[in-house]
Amino acid sequence: MTPLTEAEIRTSFVNCSQGEAKRLRVPLGLADTAWDTLDFLGWRDPGAPAAAYIVSEWRGKVTGPVMRLSTDRRSTGRQNMCALCSTVHSTTDVALMVAPRPGASGRNGNTVGTYLCTDLACSLYARSLKQPDRVQPVETLSTEARIERVQANLDTFVRRVVDVA
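Residues numbered from 1 in each chain as written. Predicted model: local features only at pLDDT ≥ 70, side-chain atom pairs only at ≥ 80, totals over all residues. Heavy atoms only, no water.

Engineer: I'd like to hear about the overall build of the protein chain, residue by residue, with values.
Structural biologist: In terms of regular secondary structure, the protein chain is built from 5 helices and 8 strands. When its helices and strands are written in sequence order, the protein chain yields α-α-β-β-β-β-β-β-β-α-β-α-α. Per-residue burial for the protein chain yields a buried fraction of 41% across its 165 residues. Taking the 20 positively charged and 17 negatively charged side chains of the protein chain as two groups, their mean positions are separated by 8 Å. (Helix = DSSP H or I, 4+ residues; strand = E, 2+ residues; numbered from the N terminus. Buried < 20%, exposed > 50% of the residue type's maximum accessible area, 1.4 Å probe, protein only. Lys, Arg positive; Asp, Glu negative; His and termini not counted. Charge placed at Lys NZ, Arg CZ, Asp CG, Glu CD.)

Have a look at this one:
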């Protein structure tokens, strides 16, 4: 991923107002980010635990959906799989994240949701740079194929949010 500035991140959001984009917290230490290991920049706001953000280069433009985590997350001992990287986690490490659609559609309550790793470290899981706590099912895909899967699934999610055919 190409390194991004704070200004690029703030202007990338497609489903919030400019004022909201100016007020949200961007991750600290952008200069120290290992951009070459990322397919997207994903983070959670420690001051607003239900807020989550993804910013990526999508179809030639830096694009980001603002998301909310489901507040009803209980540890049931079950395992869930992230829709981006296919990493299996415990119930509390995968959450339904919901992004309102841009414009009037989103203001009317139209949203897109998917289950994602709560730490949004999908790029690191795909590259085996971070290991989940759970034993993973045996997978025969190469690292390159896992990275391509994350990128394809991310493209699908962003497309669904932006509602581009």
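Continuing now.
Engineer: An account of the confidence of the model for the protein chain is needed here, citing residue identities and associated values.
Structural biologist: For the protein chain, the average pLDDT comes to 91, and 94% of its residues sit at 70 or higher. When pLDDT is averaged over each element of the protein chain, helix α1 (residues 6-12) comes out on top at 97 and strand β5 (residues 79-81) at the bottom at 84. (pLDDT = per-residue confidence, 0-100.)

Engineer: Please give an account of the nonpolar core that cites residues and values.
Structural biologist: Counting 26 residues, the largest nonpolar core has Phe40, Ile54, Met67, Leu84 and Leu116 as its most contacted members. Mapped by element, the contributors of at least two residues to this core are β2 (48-58), β4 (66-69), β7 (94-100), β8 (111-117), α4 (122-126) and α5 (143-162). Leave out the neighbours within four places in its chain, and Phe40 touches Met1, Ile54, Val55, Ser56, Leu84, Leu120, Cys122, Ser123, Val150 and Leu154. Core analysis: the next-biggest nonpolar cluster, separate from the first, contains 15 residues, Ala21, Leu30, Ala51 and Val55 among them. (Core = buried A, V, L, I, M, F, W, Y, C linked by side-chain atoms within 4.5 Å. Contact = heavy atoms within 4.5 Å.)

Engineer: Describe the pairing of β2, naming the residues involved and giving the relevant values.
Structural biologist: As paired strands, strand β1 (residues 41-45) and β2 are joined by 5 bridges and run antiparallel to one another. The partner of Leu41 across the bridge, within β2, is Val55. Here β1 folds back onto β2, and the loop between the two strands holds 2 residues. Pairing analysis gives 3 bridges linking β2 to β4, with the strands arranged antiparallel. Counted as the bridge partner of Ala51 is Arg68 from β4. Turn length for the β2-strand β3 (residues 61-63) hairpin, with the two strands adjacent in sequence and antiparallel, is 2 residues, and the turn residue Arg59 shows positive phi of about 55°. (Pairing = 2+ DSSP bridges.)

Engineer: Tell me about the environment of Tyr125, and name the residues and values.
Structural biologist: Counting through the fold element by element, Tyr125 comes out in helix α4. Each C-alpha atom, one on Tyr125 and one on Ser86, is 9.1 Å from the other, the two residues being 39 residues apart in sequence. Setting aside chain neighbours within four positions, we find Tyr125 in contact with Cys85, Thr87, His89, Cys117, Asp119, Lys130, Gln131 and Pro132. Separated by 2.7 Å, the side chains of Tyr125 and Asp119 make a polar contact. (Polar contact = N/O pair within 3.5 Å; in protein donor to acceptor, adjacent residues only side chain to side chain.)

Engineer: Before we move on, can you summarise α5 with the specific residues and values?
Structural biologist: For α5, spanning 20 residues, the distance from its first C-alpha to its last is 29 Å, which sits close to the expected 28 Å at 1.5 Å a residue. Looking at the residues trailing α5, positive phi occurs at Asp163, about 70°. (Expected span 1.5 Å × (residues − 1).)

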